[in-house]
Amino acid sequence: MNTMKNDLYLRALRGERVERTPIWVMRQAGRYLPEYRATRAQAGDFLTLCKTPELACEVTMQPIDRFGLDAAILFSDILTIPDAMGLGLVLEEGVGPVFEKPLRSQADIDRLTKTDAEQDLGYVMDAVRVIRKELDGRVPLIGFTGSPWTLASYMVEGQGSKEFRRIKGLMFESPAAAHQLLQVVTDSVIDYLKAQVAAGAQSLMVFDTWGGMLSTSNYQQFSLAYMDQIVKALKADPATADTPVVLFTKGGGAWLEMMADTGCDGLGLDWTVDMADAKARVGDRVVLQGNMDPVVMNTGSEQVTDHAMQVLQAYGNHAETDRGHIFNLGHGIQPHAKPDNMRALVETVQHKSAAFHQG
Ligand code: CP3
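Not measured: the values here are computed from a predicted model.

(A) Highlighting the packing of helix α9 (residues 148–157) against helix α11 (residues 175–199). Between α9 and α11, the shortest axis-to-axis distance is 9 Å and the interhelical angle comes to 120 degrees. Relative to α11, α9 is oriented oblique. Seen along the crossing, α9 lies across α11 with a hand that is right-handed. Touching P148, W149, L151 and A152 of α9 are L181, L182, V185, T186 and V189, all from α11. Looking at the contact of α9 with α11 residue by residue, the classes come out as eight nonpolar, one polar and no charged.

Below is the structure:
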């Protein structure tokens, strides 16, 4: 295997001292890029794009080629596992992801079986292999999954939701059924992440997009407990023990200490969290990733530069005891973002962050 040309992101995630702050951006391959829209049009639809390794590779590389980001993220979606379980994923224009066969009864949950990643999700592993080859060591490749709670939410609601009436109804009225569902999803996720690492993923991220909708005790029981299982399973397996894992609960700012207790390597922070406060609370235990408001990317380049500096300053100096900072937005970049703003963001972080890594 070739040696990595830019391994800054992996060194930072391992808590090593680095010369500047690495940057990658959630949803960095997406509709704000004209070249992404062109490749998607060529594929016909989003799922075909995900399921065609060469095209998934092409869009993964687009933001790397254009902006020189410090890490690539596998182009796929968190909803591949429920799709492989037979729920029938479709992406409806203007609605987002929808399942044709959402879970509506105990019998629906009883029918679910753990997915086998190489067998049922081979196209994802093929994409990982093709991307690693194409990257040729330029930057590390991030693999990912949705959290069990977030996946279960989509599986039960059938689509995105504001109130989560169905999944919370299940959790409150039939907690045993909710746990049964979360466990089969968790078992699938663990196998899926291990397969991604075997195929070439060099770090892993768990997207808990909807954990922040829960009360603290429900979060602990229905979301965190399953992410804890995932981290522990990865750390217990010699094949994945050294692969860094980042947990991201959107709206989870109150729970950083508990999240760090899982033994994960890093935490993703949304923009509501004060970076300096997070550093004081858990910065000696985990690397912090984030957390500029993504909507800034839809405004002027001056605002982008300004807000990027604010995030760098809020994290401040990388003293010996700190695990460090990886720059990102607090959630995915939006379709309205201006591509030139991404250039301004990357330049600011790559050129101005060295000052925070001295001493
Ligand atoms: O970050 C990346 O560049 C890698 C690819 C990636 C996608 N989805 C591509 C995508 C990743 C890591 C995801 C994760 C994902 N998918 C999450 C967790 C992160 C988060 O945003 O909180 C969630 C909740 C999903 C589910 C999902 N997939 C939604 C809600 C949507 C529609 C929303 C939208 O932006 O239209 C998708 C579709 C999707 N996944 C798109 C992309 C680029 C847009 C598809 C398109 O229209 O081309």
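Don't stop here, the text continues.
(B) Highlighting the environment of E100. Among the secondary structure elements, E100 is positioned in the loop between β3 (96–99) and α6 (106–110). On a C-alpha basis, the gap between E100 and E16 in space is 46 Å, while along the polypeptide they are 84 residues apart. Residue contacts for E100: discarding those within four places in its chain leaves G88 and V90.

(C) A look at the UniProt feature "binding site: substrate" (unreviewed entry) in the protein chain. UniProt records the feature "binding site: substrate" (unreviewed entry) at R27, Q28, A29, G30, R31, D77, Y154, T209 and H331, using the numbering of this structure. These annotated residues cover 305 residues of sequence, and their C-alpha atoms reach 22.7 Å apart at the extremes, leaving them scattered rather than at a single site. Within the secondary structure, G30 is located in the loop between α1 (8–13) and α2 (34–43). If we skip the residues at most four places from it in the chain, G30 touches Y36, I333 and P335. Among the structural elements, H331 can be located in the loop between β9 (325–329) and α16 (339–352). We classify H331 as buried; it has 22 C-beta atoms within 10 Å. Here H331 is in contact with M26, K250, D270 and P294, once residues within four sequence places are set aside.

Criteria and thresholds
- Residues numbered from 1 in each chain as written.
- Predicted model: local features only at pLDDT ≥ 70, side-chain atom pairs only at ≥ 80, totals over all residues.
- Axes fitted to C-alpha atoms, helices over the stretch in contact; angles between N-to-C directions.
- Helix = DSSP H or I, 4+ residues; strand = E, 2+ residues; numbered from the N terminus.
- Parallel < 35°, antiparallel > 145°, perpendicular 65-115°, else oblique.
- Left-handed = near helix turned anticlockwise from the far one by under 90°.
- Contact = placed C-beta atoms within 7 Å.
- Nonpolar A, V, L, I, M, F, W, Y, C, P; charged D, E, K, R; others polar.
- UniProt positions renumbered as here; feature names shortened; annotations may be inferred.
- Buried ≥ 20, exposed ≤ 12 C-beta atoms within 10 Å, placed from the backbone.

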